[in-house]
Amino acid sequence: MKNLKTVESHFAFGENWSEYSALIDDVKIQEAEKGLLRLVDQKQLTGKTFLDIGCGSGLHSLAALRLGVTKVLATDIDHESVTTTKNVLQKYVLPAMQYEVQEVSVFDLPNKVSEKFDIVYSWGVLHHTGDMYQAIKDATQLVKSDGLLVLALYRKTPMCGTWRRIKRWYTYTTDKRQQTARQVYIFLKKIRFKLSGRDFNAYKENYYNSRGMSFEHDVHDWMGGYPYESITPEETESFMQTLGFELIKKNVHASGFGLFGSGCDEFVFKKML
Ligand SMILES: C[S@@+](CC[C@H](N)C(=O)[O-])C[C@H]1O[C@@H](n2cnc3c(N)ncnc32)[C@H](O)[C@@H]1O
């Protein structure tokens, strides 16, 4: 069994983010800003320090800087994500904006980074680390007293076990087979839209409304996102309580069967110690 906490055992997230980053434009940046403001308001961001754990493309670190945080530390375990984030930030930030990008795993953050942050943000990351509960614990170590921890985690569904096996297969198979798997997934999704009378093309065209993301890249990320764990909102809330964090906001999905996958529930917790 491979050690799932190392980047070698992971899906190639960084490669996907590198390709996606070519699509970043003003509209996507604005959608990323809206996505962040859905969770933390302008007052909570202005003048604050911000740690992005699993920064991916760097788009949300960029959004935080544009919304007035004083300093961002963007981190990711994947070298390509780190390079992409550096490129994205270099291209879009203003000279006065202060940021740093580091290639570091969440599990090493408490030892490698001595500073604590007003806002620790980890969207769609900690369930892909190979040890979600330890990753959450490690992320909490970086939050200042009274600071915020913003998390997005995959919702547990009856299909999660099946998806974990599909993702493991997808991660280690050939590009050609990955491509075929994506085609099958999209084909089945189109049928589902048709059966429920929804417009698939409109959904795809407006997909950037979802935090500035791209449909094709998200399909690849979903199919491959491995390691994979999931959690219910109740489990998240009670675990965070044991760590001394109080829930101040959540955006959660209606429970589903998970046939086409799961979605991320979003949470904002405040450190009470
Ligand atoms: C699905 S992406 C989310 C990216 C970004 N947060 C976003 O919302 O677009 C997950 C990211 O987590 C990173 N990641 C996975 N394991 C990690 C770890 N142990 N430490 C830090 N980052 C990790 C991956 O490399 C990838 O860039």
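Coordinates for the structure precede this section.
So, here's what we can say about the structure. The structure displayed is predicted, hence computed values, not measured ones. (Residues numbered from 1 in each chain as written. Predicted model: local features only at pLDDT ≥ 70, side-chain atom pairs only at ≥ 80, totals over all residues. Heavy atoms only, no water.)

### Some details on the sheet that holds strand E3 (residues 98-103)
Sheet strands line up and pair through hydrogen bonds in the backbone, either parallel or antiparallel.
Phase 1 of the analysis: In space, the 7 strands of this open sheet follow the order E3-E2-E1-E4-E5-E7-E6, with mixed pairing throughout. Edge positions in the open sheet fall to E3 and strand E6 (245-251), since each of these has one partner strand only. Looking at each pair of strands side by side, their axes are set apart by 15° on average, direction ignored. (Pairing = 2+ DSSP bridges. Helix = DSSP H or I, 4+ residues; strand = E, 2+ residues; numbered from the N terminus. Axes fitted to C-alpha atoms, helices over the stretch in contact; angles between N-to-C directions.)

### Regarding the pattern of salt bridges
Phase 1 of the analysis: Inspection of every chain in the model, using the stated rule, returns 10 salt bridges.
Phase 2 of the analysis: With a shortest N-O distance of 3.0 Å, glutamate 115 and lysine 71 are connected by a salt bridge. With a gap of 44 residues between them, glutamate 115 in the loop between helix H6 (109-112) and strand E4 (117-123) and lysine 71 in strand E2 (residues 71-76) connect regions that are remote in the sequence.
Phase 3 of the analysis: For lysine 71, a relative accessible area of 25% translates into the label partly exposed.
Phase 4 of the analysis: Note that aspartate 265 and arginine 155 form a salt bridge whose closest N and O atoms lie 2.7 Å from each other. Taken as a pair, aspartate 265 in strand E7 (residues 264-271) and arginine 155 in the loop between strand E5 (143-154) and helix H8 (160-172) lie far apart in primary sequence, 110 residues in all. (Salt bridge = Lys/Arg side-chain N within 4 Å of Asp/Glu carboxyl O. Buried < 20%, exposed > 50% of the residue type's maximum accessible area, 1.4 Å probe, protein only.)

### Focus: the side chain of threonine 85
Phase 1 of the analysis: Summarising the element assignment, threonine 85 is placed in helix H5 (residues 79-92).
Phase 2 of the analysis: The class for threonine 85 is buried, based on a relative accessible area of 0%.
Phase 3 of the analysis: At a separation of 3.4 Å, a polar atom in the side chain of threonine 85 contacts the main-chain carbonyl oxygen of glycine 56.
Phase 4 of the analysis: When sequence neighbours within four positions are dropped, the list of residues in contact with threonine 85 reads Cys55, Gly56, Ser57, Gly58, Ala74 and Val101. (Polar contact = N/O pair within 3.5 Å; in protein donor to acceptor, adjacent residues only side chain to side chain. Contact = heavy atoms within 4.5 Å.)

### Some thoughts on the nonpolar core
Phase 1 of the analysis: Counting residues in hydrophobic clusters, the biggest one holds 54 residues, and the most contacted among them are Leu36, Leu45, Phe50 and Tyr185.
Phase 2 of the analysis: A per-element tally of this core places helix H4 (residues 59-66) first, with 5 residues.
Phase 3 of the analysis: What tyrosine 185 contacts, discounting residues up to four positions off in sequence, is Trp163, Val219, Trp222, Met223 and Phe260. (Core = buried A, V, L, I, M, F, W, Y, C linked by side-chain atoms within 4.5 Å.)

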